[in-house]
Each structure stands twice: as C-alpha cells, then as structure tokens.
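What follows is each chain in one-letter form.
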Amino acid sequence: MKFIKTSPVNVPKTLGAALIAAILALPQILLFEAGYNLFGHFIFRPVFSLITQSLLTISGFNLAFNENIGAAFLNLPGVLGALLLLLAAGLLIYYEFAVVTLLICRRLQKRPVSLVVAMKLAIPTMKALASPGILGFSVYAALLLPVTNLVLLPSLTGVLKIPNFVTGELYKTLPGMLQVTLLWLILVLLYHLTLYVLPSMVLGHFRFGASLRKSFSLLKGGGLVPLIPLWLLMLLWRILFVTPGLIPTEYLGVSDVGTLAVIRELFSSETFVPLVLLLAARILQLWMTAVFLAYLIGFYAGAAGQIAFEEDALPAIDRYLRRTKSQAGSLLARGALYSSLLWRRFRAHPFYKRHKKKLALAAGILVVIALVGFFRTPPQLHAPIAIGHRGSTAGVENTLAAIQGAIDSGADYAEIDIQLSKDGVPVVCHDVNLKRLSGENINIYDLTAQELSALTLSQNGYTGEISTLKEVLDYCDGKIKLAIEFKPHGHEQADLVEATMALLEEKHYEKKCMLLSLDYDLISQAKQSYSQYTVGYCVYGNLGSIDTRKLNQLGVDFLFVEEGMVSSKFVEECRRAWLPVYVWTVNDTKAMDSDLKAGVLGIVSDHPWDAVASVKAYGGGDASKQDFTEENQYSFPEEQGEAN
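Here we summarise the structure given alongside this text. (Residues numbered from 1 in each chain as written. Predicted model: local features only at pLDDT ≥ 70, side-chain atom pairs only at ≥ 80, totals over all residues. Heavy atoms only, no water.)

**Topic: the overall build of the chain**
The following threshold applies: Starting at the N terminus, helices and strands are each numbered in turn, a helix being any DSSP run of H or I of at least four residues and a strand any DSSP run of E of at least two. Three exposure classes are used, based on accessible area relative to the maximum for each residue type with a 1.4 Å probe and protein chains only: buried under 20%, partly exposed in between, and exposed over 50%. Working rule for contacts: check all heavy atoms of both residues, and any pair within 4.5 Å makes them a contact. To measure how exposed things are, a 1.4 Å probe is used in the Shrake-Rupley method; for residues, cover is taken only from the protein chains shown. Working convention for charge: Lys and Arg count positive, Asp and Glu count negative, and His plus the chain ends are omitted. To locate a charge, the coordinates of NZ of Lys, CZ of Arg, CG of Asp or CD of Glu are taken.
When helices and strands are counted, the chain shows 25 helices and 14 strands. Projected onto the principal axes, the alpha-carbon positions of the chain cover approximately 85 × 85 × 50 Å. Counting across all 644 residues of the chain, residues that qualify as buried make up 47%. Within the chain, contacts between residues separated by at least 24 positions form 69% of all contacts whose residues are at least 6 apart in sequence. By element, 64% of the accessible surface of the chain is carried by carbon and sulfur atoms, the whole surface being about 30700 Å². Between the averaged position of the 54 positive side-chain charges in the chain and that of its 53 negative side-chain charges there is a distance of 21 Å.

Here's what the structure looks like:
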C-alpha cells in the first residue's frame, strides 16, 4: 500500500475534537452500554445458549467436550445453526457500534441528539447489512475485533483468546513462536485495513464490501501521520488492559462461590473496592473507545465527507415501535387474563377445595427447597492443591529432573504423560514426534523403550532422558504423588490403559496417583475396570449448558480444564456435582489467584513453586487431606495419615 506524506485533515485538530466529543458523549454511551449489557446478559446470551443446545441435541450430543465440539457442527443443521449464530452476533454488534457512532458523530457536528433518537437512527443504517456482505461483517465484528482486542471491543463477545494450551505449546519452539507472531501480525494488519469500515457503513450507508474498499482508500490517501494517534491509543489499551495489564478488567470474586457468600461479602472492603475499580476500568475503556471512534469519524468526515442521517425515517420508526408496543401489551393482557381464568377454575375444582391445606404446605416446601438450593454454597470437597505440569521447568519436561523440581517446590502432584513404546512399554513423554526435544524426526512408536532411553532431550538449557513409567514410579514413591495422563498415539501394539495399570497395581499406587486423559473412552475404560482409582476427564473446551445431571453422567471423579474455561458459574456447577476442578496450565500468579477465587481446587503449572505459594496463601496445599465426605458418590480414596 502506498502512503502519501500529507494528510487530508488536520490531525491535531481532529484529535482535539475527538477528545472533547468523547467526553460529551460519554454519559449517553454509558447509559446505552448499561442497557445493552443487561439485554445481552438476560436475553441475547440465553437465546444463543438455547439455540446452541438445540443444535447439540439435533446432532446427538447432550454436552460436547474437546473434539466433539467440532463434530457437533459437522452436519447440515450444525453448519446452518453456526451460521445463524454468527449472523445474529454480527447484527447485534453492528447495532451497538452504530448507536455509539451516531452519538459521537452528532457531538462532533455540534448537533447532539438524545439517546432514544440515536437508537432509532441506527435502525435504518442496518440496510448496509442487507447483502451477502453481512457474513464478512459478522466475521469481522464477532471474531477479528474480539481476538485482536485493540480498543474496538464488542460487549457481546468480550475478548476472545486463542487457548493457551495451543499457544503455550507453540511458544516452546522457535518455529512455533514464529507461527504465533506471524498469525498475530496478520490479524493486526487486517484490523488496520478495516479501520474505517464502521464509519463507512453507519455514516455513509456503504455495504461491507464497499466499506472495505473505502477503508483501503482512506488509508492509502491519508498517509502514516493520521495513524499515529490511533497507534498510541492501541498501545495504551494494551498496556492498561491486556494481560498482564496495569488495570484489572476481571473481578476475582469472593472467597467462596455461592449466592449467600456473594451477598455477605459484597459490601466488604476486599470485595467492594475491586468492584469499584472494575467499574472505573470499564468506564475508562468506553471513553477510550469513544475517542478512537471519534477520531476515525472525524478523519472519515474530513476525507470522504459522505455522511447521511435518515431523520425522515423517524416517523415511520415511531409508528412501528408504537404498533409493536401495542401488540406486546395486548399479548401480555391476554396472558394475564387467561392465567386469571385458569387460576379461578383451579380454585373452584373439588380437588383443590378438599386438599387446600396440603397443597399450600407442598408449595411452601418447594419454595423452601428452591431458596436453600439458591443460597447454598457448593461443597468445598478438599483444600486446593498444586500440581507440577510435566513435572516442572527445572529440567526437561517429563524427566526425573523436572519431577524433582516439583518435589523440591512442595507440590502435591507431578503431572506426567504416558505413551507406549514400540515394544509396548509405558514411557513418560508428551510428544509423539520427538523433533522438538531431541532434534531427531522420529516417533515414540518407532523405537523400543531401551532405544528411547538412549536419546538425549534438550530444553531450556537442560538435558535429560526419557524414563519408563516403572522408573518414575520407583523414583517418586514416598516423595510426591502423580497425575498420570494417558496419551494414545494410535499406533499402540498393546492396551495403553492395561499396560499402565499393571505397573500401578504392581507398585500399589492406587492411593498415590490420579489418572486422566483427553480421550474419554480411555478414562471410561480405566474407571470401569479399576474403580478404586481416581479417574478424571481432561478437557479444553465445552459446548452446551453445564448442569449437575449432565456432569454426573460423565462418571468421572474430577475435571482437568484448560484455563480459558474457568468461570465461577462453571466451577460452581462442577462442585455441586461433587467434581473438583483442576485448571491447566497456569503460569501467571494473578491468574492463579483469580482461578482460586473462582473455586478451582487445583492449579496445574509449569512453575509449581508459584502454584504452591498461591495455594498456600489461599489455604490449601495439603494433598493428604484430599478427601471427600461419604455424600460424594465419586470420592477419592481416603488417605488419612498418609505422607506426601
């Protein structure tokens, strides 16, 4: 793209006007965003959730984890449903930005309008979406903006992150780091190329394709100078709000989950102050977004000059709204009338007259049960624990040195990965292909255990060797417990579960380990054949509504979840189902504190010393007390008096 040296607008003057317009429009923007977010929380998201759950049911799923998420959409209803959700998200995001854009533009023109008028004027601008380009805009609005997180952030989606378990693995190698960096640069470039899409669509009524061309033209004709204020705002946004930002944008929560705990601690200083800071951070974010948009609008108006407000459409919009309001009122009145008639008929029924007191008592009991369930804090299950991911970074991952790092840190468990060698021996290694650690393009299943042990692994300045599971069990006995993850590679000459369990049985490890896998069939096999062991499901994503019944149907003892899945609501449902949640892989201490506040009971980290410190500060870190009451039908084996 060729940039010219002179800008068609006065950059300092445009920036000054943008700052003033953003301040003047901020009260209206705050009021609109408050209402928009309420609708999003109570209407938009529940509807989206209902549609998603319906699609899962049609696809034959009740609750989808891991690879089943993609499988749920690999059919015609799934594709159409996903397309419907994407388009609906695009429409809602467009309307949000359209209202804010109109409010700011009228302030820049010194012709302010009320919020109600701006909301009405935004409706006719939506004709810009009346083309196949709506799909492109939906991808731009619902995916590109949330992923890049550069000032223009939709409230409906919030920030979308590439899961850390994906980027974390890539960052462990130079080619992987280059891939992530290249992807990020491509996304940022796309973001820059679409900077003027929103003003073009809302103010110029261009469709998405034409708005893209208009954005390219404005960038080409404007030169680099007009982009400097935008770059400064983006940089400030990243410094303030993007992990590890200077200003927190997430609330850590109260010391325990549950409605009663929230109400009790809402007004404590430890809870109230963070809430006030969070509110202040959100207001600052909205003001920065307003400045960003105001500057774009000012440049767009000065360079293109194509702005149209369809105020002539207001009478028609008012008539439509009055008719809709009248119809809604009529429906509500009919519903109230029919309900009243039904209640009168029920009260006149002989059954009600004979059992009036009993029915009242039953209704009272149901109300009490509902209140108890609403205010009941989920069971604690056990004190939080620290788990060293692949041992630790004190050595090459999954080697004895790495495990020793977890032991030295005081972690409760060391997590290790188990695969089968060519001769069917369980060995401790994560990658199927050993190029990353050994430098040789060979696979685990192509070498025997003895041949694998002769390889030299290198990572982070350390060297190490691949150990067999037997060697690790002997090394760890009496020092640390193990979280053993089954890692099938699809070329097994023996049964991975049976080969592993034979060693655990021989070494009497049923109370010294827990078992897990991303492969649900493997953990089901382990749980059915070895019910005395603690067996859990490792998940990196879920689709569908989480509830106690569905979680109990999994038939596992715990969940290992990717850190992007953690929320207070998700963890609370798991704990109500007596399923402790352990989160992986968390290397940021702030994130550890946040996850513990959300109710997780285990932190899995490459840096177990940090996890141990966070867990101890929160009041956990004693694996010998990792017991459940008799209520828990999926209980851990009792380990009273057993040493680490």
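**Re unusual backbone geometry**
Excluding glycine, most residues fall at negative phi; most peptide bonds, likewise, are trans. Here Trp584 and Thr585 are connected by a cis peptide whose omega angle stands at -25 degrees. Examined against the element boundaries, Thr585 turns out to sit in the loop between strand E13 (581-584) and helix H24 (589-598). Although it is not a glycine, Asn149 adopts a positive phi angle of roughly 50 degrees. With respect to the helices and strands, the residue Asn149 is situated in the loop between helix H5 (133-148) and helix H6 (164-170). Among the residues examined, Asn149 registers a relative accessible area of 7% and is labelled buried.

**Points about the pairing of E13**
Selection rule: In short, DSSP must find at least two bridges between two strands for them to pair.
The alternating pattern of E13 places Val581 and Val583 and Tyr582 and Trp584 on opposite faces, both of which are buried. Pairing of strand E12 (residues 558-562) with E13, which is carried by four bridges, proceeds in the parallel orientation. Bridge pairing links Phe560 to Tyr582 in E13. Note that E13 and strand E14 (residues 602-605) share two bridges and pair parallel. Residue pairing across strands places Tyr582 opposite Gly602, the latter belonging to E14.

**What to know about the packing of aromatic side chains**
Quick note on the threshold: Two rings from Phe, Tyr or Trp (for Trp, the six-membered ring) form a pair when their centres sit within 6.5 Å of each other. Planes less than 30 degrees apart are called stacked, planes more than 60 degrees apart edge-to-face, and all others tilted.
Throughout the structure, instances matching the rule amount to 19 aromatic pairs. Here the aromatic rings of Trp237 and Phe241 are separated by 5.0 Å at their centres, their planes lie at 70 degrees, and the arrangement is edge-to-face. Within this pair, Trp237 and its partner Phe241 are both found in helix H10 (residues 227-241), separated by four residues, close to a single helical turn. For the ring pair Phe558 and Tyr582, a centre distance of 5.4 Å and an interplane angle of 40 degrees mean the geometry is tilted.

**What to know about the pairing of E14**
Here is the rule we go by: Throughout, right-handed denotes a crossover for which the path from the first strand over the helix to the second runs clockwise when the strands point away from the viewer.
Burial along E14 is two-sided: the residues Gly602 and Val604 and Ile603 and Ser605 are all buried. The pairing of strand E2 (residues 385-389) with E14 spans four bridges and is classified as parallel. Bridge pairing in E14 links Ile387 to Val604. For the crossover that starts at E13, traverses H24 and ends in the parallel E14, the hand is right-handed.

**Overview of the pattern of salt bridges**
What counts here: When a carboxyl oxygen of Asp or Glu is within 4 Å of a side-chain nitrogen of Lys or Arg, the pair counts as a salt bridge.
Tallied over the full model, the rule gives 14 salt bridges. One salt bridge connects Arg111 with Glu311, and the closest N-O pair in it is separated by 3.8 Å. Taken together, the residues span a long stretch of sequence, with Arg111 in the loop between helix H3 (76-108) and helix H4 (115-125) and Glu311 in the loop between helix H12 (269-303) and helix H13 (314-348) at a distance of 200 residues. Its relative accessible area of 33% is what places Glu311 among the partly exposed residues. Across the pair Lys127 and Glu310 runs a salt bridge whose closest N-O atoms are separated by 2.5 Å. With a gap of 183 residues between them, Lys127 in the loop between H4 and H5 and Glu310 in the loop between H12 and H13 connect regions that are remote in the sequence. Residues joined in a network through salt bridges with shared partners are Arg390, Glu397, Asp417, Asp431 and Arg436.

**Structural notes on helix H1 (residues 11-58)**
The line we're drawing: Residue count minus one, scaled by 1.5 Å, sets the expected span of a helix. The quantity called bend is, for any residue, the angle between two axes fitted respectively to the seven residues ending at it and the seven beginning at it.
For H1, which comprises 48 residues, the first-to-last C-alpha distance of 55 Å sits more than 12% below the rise-based estimate of 70 Å (1.5 Å per residue). A bend of about 50 degrees at Leu26 is the largest found in H1, and the proline Pro27 appears one to four places after it. Directly after H1, the chain includes Gly60, whose backbone phi takes a positive value near 90 degrees.

**Section: the side chain of Lys487**
Keep this limit in mind: The term polar contact refers here to a pair of N or O atoms within 3.5 Å; inside protein, the definition further demands a hydrogen-donor-capable atom paired with an acceptor-capable atom, and it admits residues adjacent in sequence only when both atoms are side-chain atoms.
In this fold, Lys487 is placed in the loop between strand E8 (481-486) and helix H20 (496-506). Here Lys487 falls in the buried class, since its relative accessible area comes to 16%. Polar contacts involving the side chain of Lys487 include one to the side chain of Glu485, which spans 3.4 Å. Discounting chain neighbours no more than four positions away, the residues touching Lys487 are Asp417, Ile418, Gln419, His430, Glu492, Leu496 and Leu518.

**Here's the deal with the packing of helix H19 (residues 469-476) against H20**
Selection criterion: Interaxial angle, 0 to 180 degrees, is taken between N-to-C directions of lines fitted to C-alpha atoms, where a helix line uses only the stretch in contact. Orientation is classified from the angle alone, with under 35 degrees giving roughly parallel, over 145 giving roughly antiparallel, 65 to 115 giving roughly perpendicular, and any other angle giving oblique. Should the near helix be turned counterclockwise from the far one by less than a right angle, the crossing is left-handed, whereas a clockwise turn marks it as right-handed. Each residue is assigned to one class: nonpolar for Ala, Val, Leu, Ile, Met, Phe, Trp, Tyr, Cys and Pro, charged for Asp, Glu, Lys and Arg, and polar for all the others, Gly among them.
The interhelical angle for the contact between H19 and H20, taken along N-to-C directions, is 30 degrees, at an axis separation of 10 Å. Considering their axes alone, H19 and H20 lie roughly parallel with respect to each other. Where H19 crosses over H20, the two elements pack in a sense that is right-handed. For the pair H19 and H20, contact is made by Leu469, Lys470 and Leu473 and by Thr500, Leu503 and Leu504, respectively. Split by residue class, the contact of H19 with H20 holds four nonpolar, one polar and one charged.

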